[in-house]
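# Reading the structure
Letter by letter, the chains look like this.
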Amino acid sequence: MTELVGHDFARASLDHCLKCTICETQCPVAAVTPLFPGPKYVGPQAERFRAGLSVDASVDYCSSCGTCTLVCPQGVQIAELNSQARAAMKAKHMPPRDRLISQTTLMGAVMTPFAPLANWALGNRPIRTVVEHTFGIHRDAPMPPAQSQSFMGWWKRRPQVQPDAPRGQVVFFHGCAGGYFEVETSKCAVEVLEFLGYEVIVPEQGCCGLAMQSNGLYRSAGAAVVKLSQSLLHGDLPIISASGSCTGMLKHEAREIMGVADEAVAEAGRRIRDIMQFLRDLLEAGELPLNFAPINKRLLYHAPCQLKSQGMGMPALDVLQLIPGLEVDESGVPCCGIAGTYGLKREKYQIAQAVGKSLFDQAKTHDLVVCDTETCRWQIRKSAGVRVEHPIMAVHQGYGLSEPGALIG
Amino acid sequence: MAKAVVIGAGLAGLTAAIRLGEVGFNVTLLAAGYGGLPLSPGTVDVFGYAPKQVADPLQAASEAPPPHPYAVIGAERLRSGLEWIANSLGPEFLVGAIDRNWLLPTAAGALRPTCLAPPSMAAGQGQVDAVIGFAQLKDFPAALVAGNLGARPVILDFPARDAEAECSSVVYARAFDDPGFRERFAAAARPLLRPGERVALPAVLGSRDTHPVREVSGLLQAEVFEVATVPPSVPGLRLNAALLARARAAGVRMVNGSRAVGFSVDKDRISAVEVAAAGSPEFLRADAFVLATGGFESQGLVMDSHGVISEPLFGLPVAAPQAAAFAADFWADHPLLRAGVRVDSELRPVDADAGPVHSNLRAVGGVIGGANRIRELSGDGIAIGSAWAAAESLRRMK
């Protein structure tokens, strides 16, 4: 543990803890299970007794949603400390399951060519039961449906038109899920950027390593994020992404949790903008077209925990309220429960469902839910049985880029 | 639409943001974390000791000499602010008269003066017959409370969840949200009480609102009331959640988890604050700014190792004690706690010549100096009175 620069930073914040308990009152996991004694207990309190190794395995029940760090009035890096402690604890005996579910690119690459077969297998209860017993992935855990065409396949095959790009170029970072599973979201993001007058560049790119990071596989996650950052840096172009949690990896987790001290990662972290944040920047600068077609719908917006951790407010709300006719309710729920791969795991599935319950209840009373990150959309779709899309789809429709009703119900 | 940015989400920041939203500002509330409300008893303390125990808090505030913040806010604006918050939250949250203090029991069994209180706690004024505690809730020492109040302790071996040997008030409050838990509790407690008794319970009867208090009273055939525990404090959490909901209803945008670290000026005005968001900074531009970062407890004021006191965001002049910062006796009135910025009647921070530092900046709550809020029990009144006054001033400016 001591070789982690990120850990030194986080540990330095430990003495700011006043033991005020605010984090414990807001932790969504501690609220639903006695198995997790709370972020203060396993964090600033237990950290004083750790010399690399953990004295208590309960830190494994932290979902890393980051709510504790967000609400801490004293700036203690509680979630960061807990992620690091868990990584140290698991280092010697990493469950094979946790290695497997971190391989997000591999999963997409294998499933896409065999999409119908893969989707049949994911929906087949006997197979899922065997998977649960063999690998510890809960049989009811949300899994994304494989798509027959990846975003990269679409991007390469789409008719090449000479771009009319008065606003210049931007680099698009689609992420693994946006490349293989949430393909429509990536397409919409690109089309909105082009509509606004940008030429979109999509470099060859790999995984950000977030799932490996959240499972404590820091070495492979670090290598992935360095490689990705290098591939995203083109001249001084801004980087735009519709993948809210992968954006957070580049902005925050890579450096502040894993302590990756790499100039490309630092630069990519400075340049990257979440697509809704980018649109809000344009709005603030008076450069966003406001001629949205009305969308007469009432939808529920859920800000993912990993987006809230970026400390930029809720840019999707600021943009969606520009669309006439659109009524947007904000969920006010800290986390949907999934927290990346946490809610997939056999021993944590029920906890994740309990964490998200009030969100699922709200979702059921709306026609549509919008949410900025992929795994959260899968969790809400599966658990509430409603349509869940990225907010960019409403923008896409508002600009007349898709038929009314085509994308957002 | 005029824009306002409020920095800090304690009682002062929340009330300033709500009021500015109500009077037509497009408000952004920037919060590095939660404010202190989840640690507070959920009451509104206006003036408890001046330095003798106060019966009429409005009268005491009107007599406070400069540089006390009440001398700047004035009794009229304080009254308006308190009436506004009491009406806005309604009698489900706050009851009382602005010119009369309640005397309510604390988690140590002492009696504490406060102006407005949740109805479930206000019922605790007067005689107490029994004090119920839980063996699993260390944050409410029922035997101590009962001993100090001359009442009978009733300690139940009654865990909130599974077989947990100990837990916080919040875990009990969530358990009391469940009607089944309330019934099981009443069945265990009723044989130990006499009908019609006045019974104190730790303030854990429901995490969101206090309707379980009425129900438990009925089940126990007793007059039940709540006493705030040591933190985490459920009545404070209820008040915090209610104010956040009202902020949302008033159209306030929330930017959480980021600290304001810099600002830019345009002549005599602040044009933007720089926010240390993840990745790259965000800039919040606005027509008006409200500083609600609190005192030393929340780093709204800081003191370095040489004893130099500063306001770290805008670098505002701070009126600091001339003599020693600390008194020799721990329980004495430490001059340090009166440090803070000075404001004019428009709540604008002023420099040594009493002129405003920035024409569109207001300071509210604990960052304003001149009071020992802890000893006086005056922090909530200063927060609400100054927030109201600042919002009225900005409304006129708009």
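Let us look at the structure shown here. (Residues numbered from 1 in each chain as written. Chains lettered and ligands numbered in written order. Predicted model: local features only at pLDDT ≥ 70, side-chain atom pairs only at ≥ 80, totals over all residues. Heavy atoms only, no water.)

## Quick look at the overall build of chain A
Put simply, the rule is: Only DSSP runs of H or I with at least four residues qualify as helices, and only runs of E with at least two residues qualify as strands; both kinds are numbered from the N terminus onward. Between the two quantities, the radius of gyration covers C-alpha atoms and the globule rule is 2.2 Å times the number of residues to the power 0.38. The rule is simple: take the accessible area with a 1.4 Å probe, protein chains only, and divide by the maximum for that residue type; under 20% is buried, over 50% is exposed, in between is partly exposed. The contact definition used throughout considers only heavy atoms, calling two residues in contact when any of these lie within 4.5 Å. Throughout, the Shrake-Rupley method with a 1.4 Å probe supplies accessible areas, and for residues the shown protein chains are the sole cover considered. Residues scored as charged are limited to Lys and Arg (positive) and Asp and Glu (negative), so that His and the chain ends carry no count. To locate a charge, the coordinates of NZ of Lys, CZ of Arg, CG of Asp or CD of Glu are taken.
A count of helices and strands for chain A gives 22 helices and 8 strands. Computed over C-alpha atoms, the radius of gyration of chain A comes to 21 Å, within 12% of the 22 Å expected from 2.2 N^0.38 for 409 residues, which places it in the range of a compact globule. Projected onto its principal axes, the C-alpha positions of chain A cover 60 × 50 × 40 Å. Each of the 409 residues in chain A was classed as buried or not, and the buried ones make up 62%. Once local pairs closer than 6 in sequence are excluded, the contacts in chain A between residues at least 24 apart make up 73%. When the accessible surface of chain A is totalled, it reaches about 15,600 Å², and 57% of it is carbon and sulfur. Taken together, the 38 basic and 39 acidic charged side chains of chain A have centroids lying 7 Å from each other.

## Here's the deal with the environment of B:Ala272
All names here are of chain B. On the secondary structure map, Ala272 appears in strand β11 (residues 269-275). Take Ala272: its relative accessible area is 4%, and that puts it in the buried class. Ala272 sits 12 residues away from Leu284 along the chain, and the two C-alpha atoms are 5.2 Å apart. With residues up to four places along the chain from it excluded, the contact list for Ala272 reads Gly262, Phe263, Ser264, Leu284, Arg285 and Phe289.

## Some words on the interface of chain A and chain B
Selection rule: Defined here as a combined quantity, buried area equals the accessible surface (1.4 Å probe) lost by two parts on assembly, summed across both. When a carboxyl oxygen of Asp or Glu lies within 4 Å of a side-chain nitrogen of Lys or Arg, that pair is called a salt bridge.
Each side of the interface is counted separately: chain A has 34 residues, and chain B has 32 residues. Taking both sides of the interface into account, the surface hidden between chain A and chain B amounts to around 2,400 Å²; carbon and sulfur atoms contribute 45%. There are 5 salt bridges connecting chain A and chain B. With a shortest N-O distance of 3.8 Å, A:Glu330 and B:Arg248 are connected by a salt bridge.

## Notes on helix α9 (residues 234-249) of chain B
The α-helix advances 3.6 residues per turn, and as a result positions three or four apart in sequence lie on the same side. The following threshold applies: By this rule, a helix spans an expected 1.5 Å times one less than how many residues it contains.
Taking 1.5 Å of rise per residue, 16 residues should cover 22 Å, and α9(B) covers 22 Å from first to last C-alpha, within 8% of that figure. Within the sequence span of α9(B), burial applies to B:Val234, B:Pro235, B:Gly236, B:Leu237, B:Arg238, B:Leu239, B:Asn240, B:Ala242, B:Leu243, B:Leu244 and B:Ala247.

## Observations regarding the pattern of salt bridges
Evaluated as defined, the whole model comprises 48 salt bridges over all chains. The residue A:Asp98 makes a salt bridge to A:Lys345 at a minimum N-O spacing of 3.7 Å. With A:Asp98 in helix α6 (residues 96-100) and A:Lys345 in the loop between β6 (326-330) and α20 (349-364), the pair connects residues that are 247 residues apart, well separated along the chain. Residue A:Asp98 shares its accessibility class with A:Lys345, and that shared class is buried. Close ionic contact of A:Glu284 with B:Lys3 constitutes a salt bridge, the shortest N to O distance being 3.8 Å. In this pair, A:Glu284 sits in helix α17 (residues 275-284) while B:Lys3 sits in strand β1 (residues 3-7), so the two residues belong to two different chains. Given a relative accessible area of 41%, A:Glu284 falls into the partly exposed group. Sharing partners across several salt bridges, the network here consists of A:Asp60, A:Lys90, A:Arg97, A:Asp98, A:Lys345, A:Glu347 and A:Lys348.

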